[in-house]
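Working through the structure, step by step
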Amino acid sequence: LDANIAKVRKFQANASERRRSVVIAGMKEQVGLAEAGVQKLQALAGNLKDSSLEKMSECLEQTHRAELQAQTALTAARREVQDRQQELRNSADNIASLKNNSEVLRCKVRVGNLESELNKFRKLSQEASEKLKVHSSLQQLSEDVAKAEAKVESLLPGGEHVEQPQDDKAILDLESALNAATMQVEQKIPAASGLELKELRTLLERVQTAQEGFSEVKEAARERSRAQSLSKLAEAAEAVRELEKRLDALSDAVAKPDELPIKRLQEALLEAQEAQRLSQEVVDVQTGQISLEAKVELAKFQARCKAAQRKAKTSCDALGFCYQRMTSESKSAVRDALRSAAKRGEGPFQAEEVFTELTKGNTELTKQDIFDFFDRYGMEGGLSEDKVNAAVEQLVPHGLTKKTFVALLCDYQRVVREISLTDSFAIQAAQQVRQLEIGELVNIQSPIQRDELGLERAMCQAVKDGASGWVTVRTKAGISYMNAAEKPYLWCAQDVLLKKSASAEEGLRELQSGECLELLEGPKEELGSEMRLRGVSCSEEVSGWLQVRNQNGEVVAQEHQNVYKCIGPIAMTDVADLETCSMLRKIEVGEALELLPSEGTERRMFRACKDGAEGWVTIAGNQGKAYLKPVTKHYICREASPVHSGLGPECGVLHVLMPGEAFMAFEDPKEVSGGEQLTIYRVRAVKDGAEGYVVNSTGEVRPWSPCYKVLSSVPLTQALAANSTVDSIHIIRVLSPDELVDATEPAMEDSSTGQLRIRCIARKDLAIGWVTVRDTVSVHLLPAESEGEAGASGGTSKSEGKGGGDSSEASAFRSDS
């Protein structure tokens, strides 16, 4: 027994030792796992410290996941140590108990160290999060400060400098940016704390440093401005001296401009214009900031500038007036000579015959043709060779087509003082035809003749109403009643109908947008009258007043004689044969049907006015029963037409009948008072010569201007034909949007393509050619109606700077007054 008891006790001791070893190993294993998690966290903490602000957010996410894992392992280790500590205390062996306590203590120490490391990491993570938050809130402000610093650095002496006047703008922008950054930093500092406060103070120091650099930049800019101003002042003073020399050289020409030949007068005018331009440049010079000692020189310089400018303007005005008068007189004399050649007997001007004679059958009149004309017939009316040359240079700068030449010989005058139109030349025995109003256009149809009283009179025709008679152009004392004017043209701003007469319902043809029209007579103002008739609609049975003609004079509902009314229920079928037909729908009693072209007597093809259905309907049956009967005073709507409650213009709309619907009238149509204002013109289409009337109510036609504005890029070609199969297309260049061109004649149609094209001169570079105004898809050019558009940027032609005359063939359409 003793031996067995000893074995049992030995076994118990061994079992207790093994259990202790297992418990301690479990504790160490849990603590080891926690240590591994913390070591991983320490490695990520190192990465977090070294990471940039852009990657810090990603590192924080990784460390937060690792922190969660380490915290979980540490909590498990702490719980394991606490749970197993009690078991190890119950050991009966004192020596074993001491060993257990020692192992537990070591595990506790390791767990405490891990908790300390974890707390350190949490502090580091919190600092990183705060740093990232501060960076996010101050990122834009920090970038603005960095940009301002870089800009200050570039503008400092020796930096990347930009030239004036960009330098001034850069300095103003930089000053605004620095002030804005300083204000934002100072506003944020009172409410900031911790890391944010530290960052804000750093930013404030950087802004203050940038402000100091900016002060140096401004001082350097002021020095540059002073130096440049002094340099400009010296250059301007030299320019004034040169200007004064030029003006002194022109003094003889300005004193006696009438005695100069016209060519020398033109050269003197060009010199005066150049002097005036130079004087304006000198006056406009910006001296900027100058030193005190230079202010006296500046005052003297300004006084000389103003005196030179006044002298240049006086010289330019005197020479320009004389040149304009002489060229105008020369052009008038050349025109009169050509008109005299075109005047054959008592008949009208034969301009086309003169054109054929001068050009010898060619399609274009050249300068040489005009010179040959004066060589054959001699100089008349005070003309000299140099005057003819000056006039021809302006009248025929690039050649004239037949239409342009005919327009050149037309003598249109605009009334500037009220004058009577009489029926005979002798004013003592003449009867008044009517009074010509100020602003009216008249076409002079005979040479101007002087009567016994010394009055200059001519035969003319008023464009407004076609009235013909004799009119006084100028009195003996030189008082003019008329001034020269352009040949009147119109252009279509939108599609409009060309009618045989102003009141005609049908049109000769439709004028397309962009087409040009010769004004033969007009404008005539009328009030457009709307017409209505009383009755009832056949579909909805709405009674009232149907509009049959709108305020623009357009017929919207027309009376038809081939209207039938259903008097017995009958079917509408798809074909005429009753054996093979199918019913489309039933025709109700009282319904209106419009007879369509078809053959037969008993069955005909009809269109239902109610819904537009078309089919075959029996008029009368085999037994003589009638289903349809013809009716009168039925109107079919051509367009949507309203049914009003009364005849007055203030009456409301009860119903709108759609196109095709029928309306039974009780009486004849009546006019409605208070119609729209209409303007009527008698015109001739330039495209095909068709003559007729156009009615303008909403700006369909407008006065034509030879100045066109380019809407979209379009090629300028050498010939009229734009079809490569007819002739090779030579493109001179491509016109750009908003560019301005001067038409030499109204737009005409290219028969090879159907496009509307004009011959024009580009103001930008004086390139001459043909361009498409409108094709089948879109409109590329439109007349520049306003003076602002016609004088807008796009370049002033070089010819206009050479003597003040017209620069293109468009002069044939402009005033010579």
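Residues numbered from 1 in each chain as written. Predicted model: local features only at pLDDT ≥ 70, side-chain atom pairs only at ≥ 80, totals over all residues. Heavy atoms only, no water.

Attention now goes to the overall build of the chain. The helix and strand inventory of the chain stands at 13 helices and 38 strands. Within the chain, the fraction of its 817 residues that count as buried is 42%. Here the contacts in the chain between residues at least 6 apart in sequence split such that 64% fall between residues at least 24 apart. If you sum the accessible surface of the chain, you get close to 43,300 Å²; carbon and sulfur atoms cover 50% of it. (Helix = DSSP H or I, 4+ residues; strand = E, 2+ residues; numbered from the N terminus. Buried < 20%, exposed > 50% of the residue type's maximum accessible area, 1.4 Å probe, protein only. Contact = heavy atoms within 4.5 Å. Areas by Shrake-Rupley, 256 points an atom, 1.4 Å probe, with all protein chains shown as cover.)

Our focus in this paragraph is the pattern of salt bridges. Counted under the stated rule, the structure contains 31 salt bridges. Residue E364 pairs with R759 through a salt bridge whose shortest N-O separation is 3.2 Å. Here the residue E364 occupies a position in the loop between α9 (351-359) and α10 (367-377), and R759 occupies one in strand β36 (residues 756-762), the gap between them amounting to 395 residues. For R759, a relative accessible area of 10% puts it in the buried group. Here K487 makes a salt bridge to E518, at a shortest N to O gap of 3.5 Å. Taken together, the positions of K487 in the loop between β8 (482-485) and β9 (489-492) and E518 in strand β12 (residues 516-527) put the pair 31 residues apart, joining distant regions of the chain. Neither K487 nor E518 differs from the other in exposure class; each is buried. Residues participating in the shared-partner salt-bridge network are K487, E518, E521, R682, R684 and E691. (Salt bridge = Lys/Arg side-chain N within 4 Å of Asp/Glu carboxyl O.)

Attention shifts here to the pairing of strand β20 (residues 603-608). By the criterion of burial, β20 is predominantly enclosed, with five of the six residues buried. Pairing of strand β19 (residues 592-595) with β20, which is carried by three bridges, proceeds in the antiparallel orientation. Within β20, the position partnered with L593 by the bridge is A608. Bridge count for β20 against strand β21 (residues 614-618) is five bridges, and the pairing is antiparallel. By the bridge assignment for β21, F606 is matched with G615. Linking β20 back to β21 in an antiparallel pair, the connection comprises five residues, with G612 at a positive phi of about 80°. (Pairing = 2+ DSSP bridges.)

Bringing the side chain of R774 into the picture now. Following the sequence through the fold, R774 ends up in strand β37 (residues 768-774). In this structure R774 is buried but unpaired, with E515 as the nearest side chain of opposite charge at 5.0 Å. Within polar-contact distance, the side chain of R774 engages the side chain of Q512 at 2.9 Å. Side-chain polar atoms of R774 contact the backbone oxygen of S513, separated by 2.7 Å. With sequence-adjacent residues up to four places away left out, R774 is seen in contact with Q512, S513, E515, Q755, L756 and V779. (Lys, Arg positive; Asp, Glu negative; His and termini not counted. Polar contact = N/O pair within 3.5 Å; in protein donor to acceptor, adjacent residues only side chain to side chain.)

This brings us to the side chain of T717. Looking at the element boundaries, T717 is found in strand β32 (residues 714-717). In this structure, T717 is in contact with I729, H730, I731, I732, R757, G769 and W770, ignoring residues within four places of it in sequence.

Its location among the elements puts S251 in helix α6 (residues 251-255). Sequence separation between S251 and S315 is 64 residues, and the spatial gap between their C-alpha atoms is 8.0 Å.

Of all hydrophobic cores here, the largest spans 26 residues; its most connected members are L48 and V81. In contact with L48, other than residues within four places in its own chain, are M56, C59, L60, L124, S125 and A128. Counting 23 residues, the second largest nonpolar core, distinct from the first, contains L338, A342, V392 and L400. (Core = buried A, V, L, I, M, F, W, Y, C linked by side-chain atoms within 4.5 Å.)

This part is about the pairing of β37. Burial within β37 is extensive, with six of its seven residues counted as buried. As paired elements, β36 and β37 share six bridges and run antiparallel to each other. Paired with L756 across the strands is R774, a residue of β37. Hairpin connection, β36 to β37: the antiparallel pair is bridged by five residues, and L766 has positive phi, about 65°.

So, about the packing of α9 against helix α12 (residues 402-409). Where α9 contacts α12, the two axes come as close as 9 Å, and the packing angle between them is 125°. When the axis of α9 is compared with that of α12, the two are oblique. Crossing hand, α9 versus α12: right-handed. For the pair α9 and α12, the contacting residues are A351, E352, V354, F355, T356 and L358 in the first and K402, F405, V406 and L409 in the second. Its residues placed into classes, the contact of α9 with α12 shows seven nonpolar, one polar and two charged. (Axes fitted to C-alpha atoms, helices over the stretch in contact; angles between N-to-C directions. Parallel < 35°, antiparallel > 145°, perpendicular 65-115°, else oblique. Left-handed = near helix turned anticlockwise from the far one by under 90°. Nonpolar A, V, L, I, M, F, W, Y, C, P; charged D, E, K, R; others polar.)

On to the environment of A170. Tracing the sequence through the fold places A170 in helix α4 (residues 166-188). Judged by relative accessible area, A170 falls into the buried class, the value being 11%. Linking A170 and L155, residues 15 residues apart in sequence, is a C-alpha distance of 8.8 Å. Not counting chain neighbours up to four residues away, the residues in contact with A170 comprise K151 and L155.

With that settled, consider unusual backbone geometry. Following G522, the chain continues into P523 via a peptide bond in cis, with omega recorded as 0°. Relative to the assigned elements, P523 resides in strand β12. Positive phi is not limited to glycine here, since K360 has a value of about 55°. With respect to the helices and strands, the residue K360 is situated in the loop between α9 and α10. For K633, which is not glycine, the phi dihedral falls at a positive 55°. Structurally, K633 can be placed in the loop between β22 (628-631) and β23 (634-637).

This part takes up a nonpolar patch on the surface. On the surface, a nonpolar cluster with roughly 250 Å² of combined accessible area is contributed by V653, V656 and M658. Classification of V653 by relative accessible area gives partly exposed; the value is 49%. (Patch = residues over 30% accessible without salt bridge, like charges linked within 9 Å, V, L, I, M, F, W, Y side chains within 5 Å.)

Moving on, we get to α10. For α10, the set of buried residues is D369, I370, F373 and F374. When α10 is viewed along its axis, its buried side chains cluster within an angular range of 135° and face the same direction. G378 sits one or two residues past α10 and shows a positive phi near 85°. (Arc of directions from axis to C-beta.)

It is the contact of α9 with α10, at a shortest axis distance of 9 Å, that shows an interaxial angle of 95°. With respect to α10, the axis of α9 lies roughly perpendicular. Between α9 and α10, the contacting residues are E357, L358 and T359 on the first element and D369, F373, R376 and Y377 on the second.

Inspection of the secondary structure assignment puts I171 in helix α4. Take I171: its relative accessible area is 8%, and that puts it in the buried class. As for I171 and K218, which are separated by 47 residues in sequence, their C-alpha atoms are 7.3 Å apart. Those residues within four positions of I171 in sequence are excluded, and the remaining contacts are L155, F214, V217, K218 and A221.

Let's shift gears to the confidence of the model for the chain. Here the chain shows a mean pLDDT of 79. Residues at 70 or above account for 86%. Low pLDDT (under 50) marks residues 160-166, which in the prediction has eight contacts with non-local residues, meaning those over four places away or in another chain. In the predicted structure, residues 792-817 sits below a pLDDT of 50 and forms 77 contacts with residues beyond four places in sequence or in another chain. (pLDDT = per-residue confidence, 0-100.)

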